[in-house]
Structure formats: C-alpha cells, structure tokens
Amino acid sequence: MALKPLVFQVLLALADGERHGWALVREIQQRGDFTTLMPGNFYRTLRSMLAEGLIEEVHTRSRTEAEDERRRYFRLTPAGSRAATVEARRLEALVLESRAKNLLTKRG
Amino acid sequence: MRATRFAYRLLLIAFPAAVRDEFGDDMATLFAMQIDERRRQRGSVVGLWIRAVVDVLQHGMAERFGAGESPRPRRTGGWMQAFLHDARYALRMMNRQRGLTLVCVLTLALGIGANTAIFSAVNAFLLRPLPYDDPSRIMTIWEKRPAEGVLDNVVAPADFLDWARQNATFESMAAQITLPADLTGVEEPRRLFVAAVSPAFFNVLRVHPILGRDFRPDESFAGKPRVAILSYRLWSSQFGRDGSVVGRTLTLNGTPVEVVGVLPASFEFADERVDLWSPLVLEGTPQPQSRSSHQLVVFGRLKAGVTVQQARTDMDRVGAALQQQYPETNRNHGAWVIPYEEWLKSPVRSSLLLLLGAVAFVLLIACVNVANILLAKSAGRRREIAVRSAVVAGRARLAGQMLTESVMLAGLGGLVGLLVGWWGIQALKQLAPAEVQIVGWSHLRLEPRVLAFTAVVALATGVLFGLLPAWQLASQDVGASLKEGGRSPGGVRRRVRVALVISEIALASLLLVAAGLTLRSFQSVLNDPAGFRIDRSLTVSISLNGSKYRTREAVVATFESLERRLASIPGVRSVGETSHLPLGGRDGRQGVTVEGRESTPDAPTRAHPRVVSPSYFRTMRIQLLSGRPFSEQDAPPALPVAIVNETMARRYWPGASPIGKRVRFNGAGDPWMEVVGVIADVKHWGLDARVNPEIYLPLKMGFGSTMTYVIDTDLDGAALAGSVREQIRATDLNLPVGALRTMDDVASVSVGSRRAGMLLVTVFGVLALVLAAAGIHGVMSHLVALRTPEIGVRMTLGASPAQMMSAILREGAIQAIAGLAVGLGGGVLLMRAFRSVLYGVEPTDPLTLTVVSLVLLATALAASAIPGRRAMRVDPVNALRG
C-alpha cells in the first residue's frame with residue numbers, strides 16, 4: 001500500500017544517512033514538492049514514523065563541540081528502508097507503465 | 001528570533017503536552033529559522049504566521065482528538081480536510097482584502113457585542129435560578145384584595161402569624177421588613193439597614209451562617225435578649241472580617257444587640273441595602289399584633305410535592321377563615337401565593353425582553369450590511385469563481401467555501417464582539433437603576449452561558465449573512481460569466497440588493513419608533529407636574545432613637561431646634577421637614593373615619609399620613625389650594641388639625657369643601673381632627689405613579705421619630721454638607737447623619753430604570769440608523785456603478801446631470817418609503833405589545849412617527865446623494881467605452 005508523499009520524502013532523505021530535523025526539512029523543501037514545510041505537519045509525521053518503527057532516534061552518535069546539543073538525529077530502521085524500497089518499486093512500476101502508455105515520451 | 005520562538009511556543013498549546021515536551025523546542029527552532037529565511041527573501045512574514053496558525057491548529061487538534069497518524073494516506077479526503085482547505089483559502093482572501101474584512105468584522109462586532117451585553121443581563125436576572133437551595137419551592141405570600149385590583153399588598157403582622165399557624169402546605173413561613181437603624185458606640189455612628197425577620201427566615205431560604213448560628217425560634221418573643229446576624233458586607237466593612245465578632249455587643253438605636261452569626265458572601269437578597277438581620281418580635285408583646293397595619297413581606301417554602309395551585313387553594317381557605325373571624329379588618333382580604341422567582345423577575349422581564357429584541361434588530365441590520373458587502377465583493381469575484389467552479393469544484397463545494405468564509409468572518413466579529421460586550425456590561429453596571437430590587441447583580445458578567453450564547457449568535461450570524469451570497473454565486477451560470485468577462489447587469493442580484501436595503505430601512509425605522517416612544521414616555525414622566533420642587537435643594541434624614549427621646553416633647557424639641565440651626569446656615573433660604581419625603585420610598589396607610597361618610601368594605605376610607613413642620617409646604621413649593629397652612633400655634637393643647645391633599649378632598653368630600661370638616665384615624669382613642677387646608681397633589685411613589693389620598697399632621701401633633709429635612713439653598717450640596725453635619729453634631733453628638741441628597745438625585749433615582757431603558761433603546765436606535773445609512777450608501781454606490789454605462793447613454797441622448805441626480809434620489813426615496821411602511825407598522829405593533837413601558841404616549845404617537853419618517857427619509861436621500869454626485873460627473877464617452 002502507498003506511503004504518504006511526505007513520509008516517502010523523509011525516508012528518501014534519510015537513505016543517505018543520519019540527519020537532524022532542520023536538515024531534513026531543508027532537503028525536502030529543495031526537492032520541490034513542499035515549498036515551505038510547516039513544523040506542525042513535519043513533526044507530527046516524524047512522530048508517527050517513529051511510532052511505526054520506520055525511523056529511530058540516534059543516541060550514540062559522537063558529536064563535535066560545535067554541534068548543538070539539542071539537535072536530534074534520525075536514521076532509517078531496517079523496516080524503514082524496506083518500506084522505502086517497496087514504495088520506490090511501486091513508483092517505478094507506475095513510471096514504467098506511464099512510459100509504456102506514451103505519457104512520458106514528450107519531454108518538458 | 002526570541003520573540004518569534006516565544007509566540008510560537010504559545011501557539012503550540014494546541015498540541016498535547018507530551019508532544020510539546022518532546023518536540024516543542026525543535027518545532028519552535030524550525031519555525032524561527034523559516035521566519036528568518038522568509039525575511040531574507042523579503043517575503044510576507046504575516047502570511048507565514050497565518051500558515052503556522054492553521055498548521056498548528058490542524059495538526060495539534062489531530063494529535064489531540066484524532067487516532068494516531070498513520071504513514072499511509074487515508075482513502076477519503078473527508079469533510080474535515082475540505083473544511084480546513086476552505087478555512088485556509090478564506091484566511092488568504094481575508095488577508096488580501098484587509099480593509100473590507102475590517103469593516104465587516106467591526107460591523108458584526110457591534111451587533112454581536114450589543115447582544116452579548118444585553119444577554120448577560122437577561123442571563124443574570126431572568127435565566128439564572130435564584131441562588132437558594134431548591135428555589136422553585138420558595139414562595140412569597142401577599143394580601144390579596146381582588147376588589148381593589150391588588151394582589152401583592154404587604155401583610156399585617158397578626159395575619160402573618162395566623163397564616164403561619166393555620167396553613168397546611170408550607171414547610172416553613174417567615175416575614176421580613178427592612179428598617180433603618182443607627183449604629184452607635186463606634187468611632188463614626190452609622191445609619192444601617194436592618195432586616196427584621198421572623199426566626200424561620202433563613203430556614204425558608206436554606207441559608208446557613210458561615211460563623212456562629214442561625215436564629216432560635218424563641219427569639220421572636222418579646223423580652224428576649226436582642227441578637228443579630230451580620231451580612232458579609234458589614235462584617236468586612238465594619239469589623240475587618242474579625243472572626244471574634246460573634247459574641248460581641250453592638251448598640252443599635254440605643255439598644256444592646258449581641259452578634260450571633262455572619263452570613264456567607266455568596267448570600268444575595270433582593271433588598272441590597274440590608275446590613276444586618278435581627279429577629280422580628282411578634283409574639284408575647286403587651287398589645288396584640290395589628291391586623292390593619294400592613295408592612296411585612298412574607299416568604300414560605302412549599303412542602304415537598306405540593307404544587308403552587310395546592311398552596312393557593314390552602315391559603316384561600318386560611319384567608320376565608322380569617323375573613324369570617326375578623327370581618328372589620330379582613331373583609332374582602334385573602335392570601336395570594338406567587339413563586340418568589342416570578343415575583344422578583346416579572347417587573348424587569350418586559351424591559352429586558354424589549355432590549356433583547358432591540359439588539360437582535362441591530363444585529364440583523366449588521367448582517368444585512370455584511371451580506372451586502374459580500375455581494376458587492378462577490379460581484380468582483382464572479383470571474384474567479386466561475387473559473388474555479390469550471391475547473392475544480394462542484395457547486396456545493398463552492399457554496400461551502402463561501403459559507404466557510406462568512407462563518408470565519410462572523411467568528412472574528414464574535415471575538416471582537418466579546419470585547420464590545422464586556423465593555424457594554426461595564427456600562428450597564430453604571431446605568432444600573434438603584435431602586436430595582438433584583439437578585440443577580442454579581443452574575444452580570446461574561447459567564448460561560450453568555451460565552452456560549454455569543455458563540456452561537458456568531459455562528460448563526462455567519463450562516464445567515466453568508467447563505468445569500470453563497471447561493472447567488474453557486475447558482476450563477478458559469479458559462480455566461482466566463483463569456484461576459486465577469487461583468488453582468490445582474491437583474492436578480494439587483495432585486496435582491498434592493499430588497500436588502502428595504503428590509504434594513506424597515507428594521508431601523510422599527511427600532512427608532514421604539515426609541516422615540518420610550519424617549520417621549522420619559523419626557524412626559526418628567527414634564528408631568530410632580531407637585532413639588534425637583535432641584536438642587538438638599539435633603540437629609542434624621543432618626544431620634546434611644547433613651548433621651550422617650551417623650552414626644554423631647555423628640556419635637558430636638559427636631560425643631562435642628563430645623564432652626566439648619567435655617568441659620570448662611571445661604572439657606574428655608575428649611576422644612578417631613579416624615580415621608582416624596583419619592584423617598586417610605587409610606588404607610590391607615591384607615592380613617594370621615595365624619596358623615598360611611599366606610600364600606602368595598603370603598604374603605606383610608607389615607608396615607610405624613611407629619612410635617614409648618615415651613616414644609618413653603619420650602620417644598622407645594623401649592624395650598626384652599627384653607628390655611630400649618631402654623632406654630634398648631635400644638636397641644638389646641639384642637640387637632642389636619643391638611644388633606646386634593647385627591648382625598650375630591651374622593652371623600654365630593655362636590656364640597658372639606659375645610660372645617662372632621663376626620664380621625666381608626667385607632668382606639670385617636671381624636672377627631674379638623675381639616676384646615678387642602679394642598680395640591682404630590683407624586684409620592686414615583687413620577688409615573690398615581691396619587692393616593694394623603695393626610696398631613698403638624699409636627700407637634702404628629703408621631704414618629706424619623707424626619708427628613710429639605711433645605712432650600714442655591715449653594716452647592718458639597719459646600720453645604722460640612723455645615724449641615726456640624727449643625728447636626730451640635731444638636732446631638734450621637735446622631736448618625738444619613739446621606740445628603742439633592743431633590744434632583746432623589747427624583748433621578750426614582751426614574752432610574754426608566755432612564756436606563758430609554759438610554760439603551762435610544763443608543764440601539766441610533767446604532768441601527770448609522771448601520772442602515774452605511775448600508776444604503778453601499779448599495780446605492782454599487783447600483784450607480786453598475787448603471788454607469790446606461791447613465792452614459794442617457795447623458796449622450798441629452799439627459800442633464802440634474803435629471804440623473806433626481807432619478808437616483810427618486811430610487812432612494814422609493815426604497816426608503818417602502819421600508820418605512822413596513823417598519824412603522826411593525827414598530828407600532830411591537831410597542832403595543834410592550835405598552836407597559838410607555839407612559840402618557842400612545843404607540844401611534846403622530847409626532848414620533850413623523851420624526852422617525854423624516855429622519856430616515858433624510859438619511860436615505862443623503863446616502864443616495866453621495867453616489868448620485870458621482871453619476872452627475874460621469875463622462876458619457878468614457879462610460880460607453882468602459
């Protein structure tokens with residue numbers, strides 16, 4: 001079953017490794033689907049993903065002095081990375097089918 | 001940055017505390033960074049804030065009430081999502097048209113605020129149950145005199161005792177009377193008000209002292225030590241909430257009284273003056289209690305399961321038995337049971353309901369105005385709406401969108417309206433007429449029920465004024481609008497708006513008729529001759545109590561010496577004294593025997609006695625119609641004399657002069673008095689009350705130990721107060737000085753509730769007029785704008801600007817006349833239903849109707865003339881091209 005777009009975006013951003021909240025938001029905004037991602041929406045999604053076990057908070061990461069103590073880092077769980085793969089495959093299948101039906105032949 | 005974080009953290013209250021603890025800091029940091037970024041990009045910070053509010057509300061509420069968020073999307077969009085989408089869209093639109101939004105919100109706030117204020121009074125005085133345990137079982141019991149049309153006369157003590165013993169339907173019954181008493185033996189002697197009550201009184205109301213004890217049943221017997229229970233107010237003001245006050249002895253009217261208890265702060269009684277409570281001595285007195293001196297208010301608590309009707313039947317039985325037993329005093333007298341709540345609330349009910357009606361009309365006018373504004377606005381948005389409905393939304397969704405917008409507008413209006421309402425409540429408290437006895441003053445405030453009322457009114461308002469534009473927009477022909485490019489003469493729309501203006505004028509004229517009639521009533525109350533001077537002359541009341549004043553001679557000598565002292569103050573022209581100051585709220589009535597005239601039970605001869613000094617009529621400018629005034633020689637051992645008022649002369653000596661005739665009170669041993677003069681009628685009970693027979697006795701032949709001095713002077717009351725107090729102290733150090741009031745004050749208190757009602761209705765009438773004028777102006781401007789091309793054509797064809805102006809004025813006048821016809825008729829019908837608040841004026845008063853018509857017609861013409869001038873300046877060429 002499909003994932004919410006924002007959930008997939010978070011999973012995608014975490015695929016490169018651990019991120020803290022603000023960095024996640026910046027990356028997702030840069031991708032362009034969300035021009036301004038509002039905090040209420042974002043953190044509520046994050047909370048639900050933590051609860052579902054798709055991501056987890058990082059406690060062990062050693063931090064340099066310069067880094068803000070309060071920042072919290074997140075990373076994918078195995079379940080999260082499986083969900084991301086499943087969703088990516090689903091999207092890929094959709095894209096392939098779209099191409100087969102000539103929806104993507106003309107570019108731009 | 002810090003302020004942003006702080007404000008955002010406040011917003012986060014929408015989220016559950018657990019979420020706030022976990023992510024609150026992160027969220028605030030993220031938002032602060034977003035604001036920062038927005039500033040760097042020179043974008044709208046306000047817009048971001050609005051999005052943040054919506055975001056936090058949406059997700060906070062979802063966290064609180066929704067099932068846990070799932071990473072999977074829900075299958076349906078759902079109405080909630082649609083609503084939130086609409087709400088966000090509405091916020092954007094309101095933000096874009098700030099001026100328009102402000103006008104709408106303020107208009108609605110005035111209407112909603114006025115409703116909030118008046119409803120808070122309705123809530124405090126009418127809706128709230130009385131603050132006693134099981135209040136519906138508390139009754140008041142009155143003497144019923146059906147032959148005289150009186151149902152709630154105060155009760156004679158002997159009758160009360162028999163009622164209490166012989167009834168079978170009341171759990172307990174108690175009598176009460178409020179009397180002034182002087183508190184001495186304290187630093188500053190004070191005049192207090194004592195409620196004398198029979199011992200069961202607090203049992204009937206089910207009130208328990210917070211300190212000490214209730215009265216004991218035997219404390220109503222003569223010869224027992226005197227005791228008192230303090231009101232919370234007196235306990236605070238005089239004794240600083242000293243817990244050891246119980247057991248202390250006070251001196252009241254020269255008699256020692258032991259404090260046995262203190263009442264709770266929450267206890268409210270209709271007579272707000274009461275400072276302390278003491279047992280009414282009715283039993284074991286040397287003489288039996290009177291059956292003809294009526295003075296007590298009687299309360300009773302019904303036994304469980306007894307209905308008011310059963311109690312009435314029971315008391316009818318008791319009353320009939322007493323009639324048989326005591327025919328000379330009780331003939332045609334019965335007992336009448338009224339629920340206390342009903343008796344207390346019915347006098348204010350009609351005024352409050354009239355006011356509630358008035359503010360409802362003001363709100364309706366505000367709604368019509370806002371609907372008009374939205375219609376005008378939507379006219380400009382036809383194209384946008386047409387596009388949206390062609391591309392995206394179904395019509396129902398579109399109407400929903402419009403409704404969401406108007407409800408949100410009304411919600412904002414409601415919030416600001418609460419402020420207006422709060423302010424209105426403060427103003428109501430200032431206006432509060434002091435003489436109205438009602439329980440509930442402490443609840444005149446923004447209570448939960450008032451807040452709920454405001455919320456419902458705001459919501460209903462939003463739906464009401466939003467439905468029309470929503471319906472219009474949703475039903476328009478999408479294709480036509482797109483083709484026209486958004487311009488349309490809109491025949492239907494025009495008719496709708498003209499109808500709105502007419503209804504607005506109708507509502508405003510209806511309110512103005514109500515305002516005009518109450519204003520005229522007030523005027524005729526004030527203009528009716530009162531029979532005495534109402535000006536800056538000062539009044540002060542003095543009671544002589546205690547051992548020094550046991551004999552009549554001592555009392556009279558002190559009163560006379562004080563009168564001489566007051567008259568000697570420089571600047572004082574004359575001083576007079578009376579036992580019963582007109583409009584002072586004190587009165588009594590006694591049966592009299594008029595020589596040569598039989599007193600029958602159906603037409604008893606009775607008079608209200610007053611004791612006055614010889615200079616009283618002169619000082620009060622009360623006109624002597626025939627005979628002579630009192631003189632210093634009217635004193636024992638000369639033969640007793642009396643002066644009667646015109647009403648008494650006409651009623652008991654019809655067609656003859658009463659001078660030289662004899663009359664006497666019905667008490668044993670009361671002597672015959674010769675009538676030596678007739679004075680003009682004096683309005684004793686109120687400027688709008690009828691006059692009863694009055695009989696005046698000279699001070700030296702009179703009775704009673706309380707007199708009110710009237711001091712005729714040009715001096716300012718405040719300047720004189722010091723000298724007056726000095727002279728009173730010089731007469732007797734222990735005399736407490738009551739409040740010094742001018743006759744103006746006394747009179748204005750007596751018309752206080754009428755004045756308050758008149759002021760409020762007038763304010764609402766003017767508010768309605770202003771709102772209606774704004775509405776007419778708005779609509780006429782819009783109609784002129786729509787007709788600009790037509791005006792252009794007509795002017796090219798040779799119409800003069802003056803002709804255009806007169807065409808527009810004619811249109812305005814026709815609308816005004818149509819509205820007036822409905823409104824004046826409605827106003828007359830309305831005031832016919834509220835006739836009880838009118839005085840000396842008919843609901844069809846021609847002057848009021850004429851003035852209201854002229855005012856509204858002038859307003860409508862002026863409001864049309866402004867857009868009319870614009871029409872006169874239309875350049876035909878531009879108009880046709882546009």
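Keep in mind the model is a prediction, meaning the values are calculated, not measured. (Residues numbered from 1 in each chain as written. Chains lettered and ligands numbered in written order. Predicted model: local features only at pLDDT ≥ 70, side-chain atom pairs only at ≥ 80, totals over all residues. Heavy atoms only, no water.)

(A) Layout of helix 2 (residues 17–40) of chain B. All names here are of chain B. Given a rise of 1.5 Å per residue, 24 residues ought to cover 34 Å, and the 33 Å separating the end C-alpha atoms of helix 2 matches this to within 8%. The largest bend in helix 2 comes to about 65°, at Phe 23. Arg 42, located one to two residues past helix 2, shows a positive phi value of around 55°. (Helix = DSSP H or I, 4+ residues; strand = E, 2+ residues; numbered from the N terminus. Expected span 1.5 Å × (residues − 1). Bend = angle between axes of the 7 residues up to and from the residue.)

(B) Representation of the packing of helix 6 (residues 157–166) of chain B against helix 9 (residues 308–325) of chain B. Residue and element names in this part refer to chain B. Packing of helix 6 against helix 9 brings their axes to within 10 Å, and their N-to-C directions diverge by 130°. It follows from the interaxial angle that helix 6 and helix 9 lie oblique. Crossing hand, helix 6 versus helix 9: right-handed. Listed contacts from helix 9 to Asp 159, Asp 162, Trp 163 and Gln 166 of helix 6 are Met 315, Arg 317, Val 318 and Leu 322. (Axes fitted to C-alpha atoms, helices over the stretch in contact; angles between N-to-C directions. Parallel < 35°, antiparallel > 145°, perpendicular 65-115°, else oblique. Left-handed = near helix turned anticlockwise from the far one by under 90°. Contact = heavy atoms within 4.5 Å.)

(C) Geometry of unusual backbone geometry. Residue and element names in this part refer to chain B. The linkage connecting Pro 636 with the following residue, Pro 637, adopts the cis geometry, with an omega of 10°. Structurally, the position occupied by Pro 637 is in the loop between strand 16 (624–627) and strand 17 (641–645). A positive phi angle is found at Asn 253, which is not glycine, with a value near 50°. Among the secondary structure elements, Asn 253 is positioned in the loop between strand 7 (249–252) and strand 8 (255–262). One non-glycine residue, Asn 332, lies in positive phi territory at about 65°. On the secondary structure map, Asn 332 appears in the loop between helix 10 (327–330) and strand 11 (334–339). Judged by its relative accessible area of 26%, Asn 332 falls in the partly exposed class. (Buried < 20%, exposed > 50% of the residue type's maximum accessible area, 1.4 Å probe, protein only.)

(D) Structural context of a nonpolar patch on the surface. Nonpolar side chains collect at one region of the surface, where Val95(A), Leu103(A) and Leu104(A) lie side by side and expose about 260 Å² of accessible area between them. Relative to the assigned elements, Val95(A) resides in helix 4 (residues 78–100). (Patch = residues over 30% accessible without salt bridge, like charges linked within 9 Å, V, L, I, M, F, W, Y side chains within 5 Å. Areas by Shrake-Rupley, 256 points an atom, 1.4 Å probe, with all protein chains shown as cover. Salt bridge = Lys/Arg side-chain N within 4 Å of Asp/Glu carboxyl O.)

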